[in-house]
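The chain contents come next:
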Amino acid sequence: MFQPSGFTEYLEVSLPPVLLGDLTGQVLAYITLLPIAILVGFVTLIVFKRELHTISFFGGLILNEGVNWLLKHILREPRPCAGAHTTMHTEYGMPSSHSQFIWFFVVYFFLFLYLRMHQTNNARCVDLLWRHILSIILLGIALSVSYSRVYLLYHTWSQVFYGGVAGSTIGIIWFFFTQEVLTPLFPKIAAWPISEYFLVRDTSLIPNILWFEYTVTRSEARNRQRKLGTKLQ
């Protein structure tokens, strides 16, 4: 881990300041911004997919951030290097918002992969393999983001740890709240005139949306290709 004392030259990598010559710090400076990329991805997905479960997932992330803000202003524990980062929105560091965000996202995604998405074709081994691989990648991302917050001196280990605990707990609660409370309401919400106007849809009854969209798209493309071939004859 680098130490800020004795160094005066910094390289600005987007938001986090990184010491020149510290390759590890430069890589972690990008990794620590992954929550922002995830938020942008969610907004993009909602705009183009307009699926109620995705909207609920995003709502959980926003709720998680609100809980983090509340906890920070209740606990009021300072960051380990107060004043070193001039771009921070708050001086409090307990719990880490990045750690809480990424662990909410990863734990919710774990539950979604293994409990929400069920196998619908015969490639059981292949299906489990890609789920396990994706889970390992997500776990690596969560650990990397958490470590980056300590390495870059934004948080202490305890702030990152409790952020992860809070995010994981809220992620579990929100997943089962979505499954047990919100999901039964999705068909009614999708039938609202405003939902129909904005093409908001409910796919909660489809066990594997990736496989469903793939087969439907492939079938529709083949039908259109046959019709086009008939017209050209």
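Quick notes on the rules
Residues numbered from 1 in each chain as written. Predicted model: local features only at pLDDT ≥ 70, side-chain atom pairs only at ≥ 80, totals over all residues. Heavy atoms only, no water. Helix = DSSP H or I, 4+ residues; strand = E, 2+ residues; numbered from the N terminus. Buried < 20%, exposed > 50% of the residue type's maximum accessible area, 1.4 Å probe, protein only. Contact = heavy atoms within 4.5 Å. Salt bridge = Lys/Arg side-chain N within 4 Å of Asp/Glu carboxyl O. Phe/Tyr/Trp six-rings, centres within 6.5 Å; stacked < 30°, edge-to-face > 60°. Polar contact = N/O pair within 3.5 Å; in protein donor to acceptor, adjacent residues only side chain to side chain. Arc of directions from axis to C-beta.

Caption draft 1: Quick peek at the overall build of the chain. Scanning the chain for helices and strands turns up nine helices and two strands. Ordered by position from N to C terminus, the α and β elements of the chain give β-β-α-α-α-α-α-α-α-α-α. The burial tally for the chain puts 39% of its 233 residues in the buried class. A fraction of 68% describes how many contacts in the chain between residues 6 or more apart in sequence connect residues 24 or more apart.

Caption draft 2: Geometry of the pattern of salt bridges. Taken as a whole and assessed by the stated rule, the structure comprises three salt bridges. The partner of Glu213 in a salt bridge is Arg201, and the shortest N-O contact between them spans 3.2 Å. Taken together, the residues Glu213 in helix 9 (residues 209-232) and Arg201 in the loop between helix 8 (193-197) and helix 9 connect sequence positions twelve residues apart. You can call Glu213 partly exposed: its relative accessible area is 22%. Here Arg201 falls in the partly exposed class, since its relative accessible area comes to 31%. For Glu220, the salt bridge identified is with Arg224, shortest N-O distance 2.8 Å. Placement of both Glu220 and Arg224 in helix 9 is noted, with a separation of four residues, approximately one turn of the helix. Put simply, Lys49, Arg201 and Glu213 are held in one network by salt bridges that share partners.

Caption draft 3: Geometry of the environment of Leu70. Mapping Leu70 onto the fold places it in helix 3 (residues 52-75). Counting along the chain gives 25 residues from Leu70 to Pro95, while the straight-line C-alpha distance between them is 10.0 Å.

Caption draft 4: Local environment of the packing of aromatic side chains. Using the criterion set out here, one finds 16 aromatic pairs in the structure. Between Phe42 and Phe58, the ring centres sit 6.0 Å apart and the planes meet at 40°, which makes this aromatic pair tilted. Placement of the pair is Phe42 in helix 2 (residues 34-49) and Phe58 in helix 3, with a sequence separation of 16 residues. Look at Trp174 and Phe177: their rings are 5.3 Å apart centre to centre, the planes differ by 35°, and that puts the pair in the tilted class. Note that Trp174 and Phe177 are positioned in helix 6 (residues 157-182) at a spacing of three residues, about one turn of the helix. Looking at Phe177, the relative accessible area reads 33%, which means it is partly exposed. A connected cluster of aromatic rings, assembled from ring pairs, spans Phe42, Phe57, Phe58, Phe104, Phe105, Tyr108, Phe109, Phe112, Phe175 and Phe176.

Caption draft 5: Quick peek at the side chain of Ser97. Considering the arrangement of structural elements, one finds Ser97 in helix 4 (residues 97-116). Relative accessible area serves as the criterion here: at 14%, Ser97 is assigned to the buried category. Non-local contacts of Ser97, meaning those with residues more than four positions away in its chain, are made with Glu65, Asn68, Lys72 and His155.

Caption draft 6: Focus on the side chain of His155. Secondary-structure assignment places His155 in the loop between helix 5 (124-151) and helix 6. Residue classification places His155 among the buried positions, given a relative accessible area of 2%. A distance of 3.4 Å separates polar atoms of two side chains, one belonging to His155 and the other to Ser96. Contacts of His155, omitting those with residues within four sequence positions, involve Lys72, Arg79, Pro80, Gly93, Ser96, Ser97, Arg149, Val150 and Val160.

Caption draft 7: Summary view of helix 1 (residues 23-31). Within the span of helix 1, buried status applies to Gly25, Leu28 and Ala29. End-on, the buried residues of helix 1 take up no more than an arc of 110°, which puts them together on one face. When the buried face of helix 1 is taken as reference, the exposed residues oriented beyond 90 degrees from it are Leu23 and Tyr30.

Caption draft 8: Highlighting the environment of Ile46. Tracing the sequence through the fold places Ile46 in helix 2. Remark: the alpha-carbon pair of Ile46 and Phe58, spanning twelve residues in sequence, is separated by 8.7 Å. When sequence neighbours within four positions are dropped, the list of residues in contact with Ile46 reads Thr54, Ile55 and Phe58.

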